[in-house]
Amino acid sequence: MPAGGLSLLLAPGLLTPGALSSGTLALTPAVEAGTAPVVARARPAIARRPGAGLVAKRVLDVVGAVLGLILLLPFFLVIAVLIKCDSPGPVLFRQSRIGLGNRPFRVWKFRTMTCCENGSVIRQARRDDPRVTRIGRVLRRTSLDELPQLVNVLLGSMSLVGPRPHAMAHDAEFTVTVARYAERHAVRPGITGWAQVRGCRGETPNAAAMQRRVDLDLAYIEHWSLLLDLIILGMTLREIFRPQAAY
């Protein structure tokens, strides 16, 4: 693994402004989302992955998605029944997102709200949001609502690990206000990612909160390795049982 990738795993902090553009990783203690200033950065080219690395990542994705879908199928059925009993509406929710190379795709999730927004204006879920159903609160806190995205992984529109995709309405907003936001689309989006296991989950109320996520996403892209993916997957399992900012 490159030295920078190892630094990602060992340091408990956040990339400082300008760290990526300098070619090194400088880390500082983590800050609360929304407090970091938005700072303009240079635009170094995203490092290209070697072909063997891309193949290995895709193999991990396919094997992980197939095993996950097989092992979790009974669990999926239980969640589906609970959703139908809890509130009227479909079990699954589909929403348009932007993926690799700015190509649009439909992301699959278990429905956690009474509405299924997919337009030019989408309100993010907030604390005590009345749109979130009772079973939906549990699914969102534990990220179990994301499990249907294993189908997206199998189809090739997503990866197990990568930058989380956002609603297209939010992409349009943050591409303008957040430095280097669009560079996240240099790789497939993921079910989980480096930003998520470092505390960046839930609502992003402003550009500063999103900037922190983007910094972490770009650090993952530029210092990717298969080992880093495996460790992020392990850290994701830990996050399920910890208090979360997702609601």
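The structure under discussion appears in the preceding block.
Participant: Help me understand the overall build of the protein chain in this model?
Facilitator: Within the protein chain, the secondary structure is distributed over 9 helices and 6 strands. When burial is assessed residue by residue, the protein chain has 49% of its 247 residues classed as buried. For the protein chain, the proportion of contacts with a sequence separation of at least 24, taken over those separated by at least 6, is 69%.

Participant: Is there a simple way to think about the pairing of strand β4 (residues 104-110) in this case?
Facilitator: Consecutive residues of a regular strand have side chains that alternate between opposite faces of the sheet. Pairing of strand β3 (residues 92-98) with β4, which is carried by 7 bridges, proceeds in the antiparallel orientation. Looking at the pairing, F93 lines up with K109 of β4. Taken together, β3 and the strand that follows it, β4, pair antiparallel across an intervening segment of 5 residues, in which G101 is found at a positive phi of about 65 degrees.

Participant: Honestly, the packing of aromatic side chains in this entry has me stumped. Any pointers?
Facilitator: Two numbers describe a pair of aromatic rings. These are the distance of the centres and the angle of the planes. Counted by the stated rule, this structure contains 2 aromatic pairs. Seen from their ring centres, F76 and F110 are 5.5 Å apart, and the 85 degrees between their planes marks the pair as edge-to-face. Taken together, the residues span a long stretch of sequence, with F76 in helix α3 (residues 51-86) and F110 in strand β4 at a distance of 34 residues. Summarising the burial analysis for this pair, F76 and F110 share the class buried.

Participant: Any chance you could explain a nonpolar patch on the surface here in plain terms?
Facilitator: A contiguous nonpolar patch, built from V55, V59, V63, V66, L67, I70, L71 and L154 and spanning about 720 Å² of accessible area, is present on the exposed surface. The element that contributes the greatest number of residues to the nonpolar patch is α3, accounting for 7 residues. In this fold, V59 is placed in helix α3. Judged by its relative accessible area of 47%, V59 falls in the partly exposed class.

Participant: What am I meant to see in the pattern of salt bridges here?
Facilitator: Close approach of charged atoms lets side chains of opposite charge pair. Counting across every chain of the model gives 8 salt bridges. One salt bridge connects D229 with K57, and the closest N-O pair in it is separated by 2.5 Å. With D229 in helix α9 (residues 226-240) and K57 in helix α3, this pair connects stretches of sequence that are 172 residues apart. K57 shares its class with D229; the two are buried. Note that D145 and K109 form a salt bridge whose closest N and O atoms lie 3.6 Å from each other. On the criterion of sequence distance, the pair formed by D145 in the loop between α4 (134-142) and α5 (149-155) and K109 in strand β4 is long-range, its members being 36 residues apart. No difference in accessibility class separates D145 from K109, as the two residues are buried.

Participant: Please clarify how α3 should be interpreted in this entry.
Facilitator: An α-helical turn contains 3.6 residues, so any two residues separated by three or four positions project in the same direction. Most pronounced at L73, the bend in α3 amounts to some 55 degrees, and the proline P74 follows within four residues. Among the residues making up α3, those that are buried are G53, K57, D61, A65, G68, F76, I79, A80, I83 and D86.

Participant: Help me out: how do you make sense of the environment of I221 in this one?
Facilitator: With respect to the helices and strands, I221 occurs in helix α8 (residues 207-222). Expressed as a C-alpha distance, the spacing of I221 and V187, which sit 34 residues apart in the sequence, is 7.4 Å.

Participant: Explanation requested: the nonpolar core in the structure shown.
Facilitator: Across soluble globular proteins, nonpolar side chains have a tendency to be buried as a group. By size, the foremost hydrophobic cluster in this structure holds 36 residues, and its most contacted members are F110, L139, V178, W194, Y220 and I232. Of all the elements in the fold, those that place two or more residues in this core are α3, β4, α4, α5, β5 (159-161), α7 (194-197), α8 and α9. A per-element tally of this core places α8 first, with 7 residues.

Reading the values: rules and limits
- Residues numbered from 1 in each chain as written.
- Predicted model: local features only at pLDDT ≥ 70, side-chain atom pairs only at ≥ 80, totals over all residues.
- Heavy atoms only, no water.
- Helix = DSSP H or I, 4+ residues; strand = E, 2+ residues; numbered from the N terminus.
- Buried < 20%, exposed > 50% of the residue type's maximum accessible area, 1.4 Å probe, protein only.
- Contact = heavy atoms within 4.5 Å.
- Pairing = 2+ DSSP bridges.
- Phe/Tyr/Trp six-rings, centres within 6.5 Å; stacked < 30°, edge-to-face > 60°.
- Patch = residues over 30% accessible without salt bridge, like charges linked within 9 Å, V, L, I, M, F, W, Y side chains within 5 Å.
- Areas by Shrake-Rupley, 256 points an atom, 1.4 Å probe, with all protein chains shown as cover.
- Salt bridge = Lys/Arg side-chain N within 4 Å of Asp/Glu carboxyl O.
- Bend = angle between axes of the 7 residues up to and from the residue.
- Core = buried A, V, L, I, M, F, W, Y, C linked by side-chain atoms within 4.5 Å.

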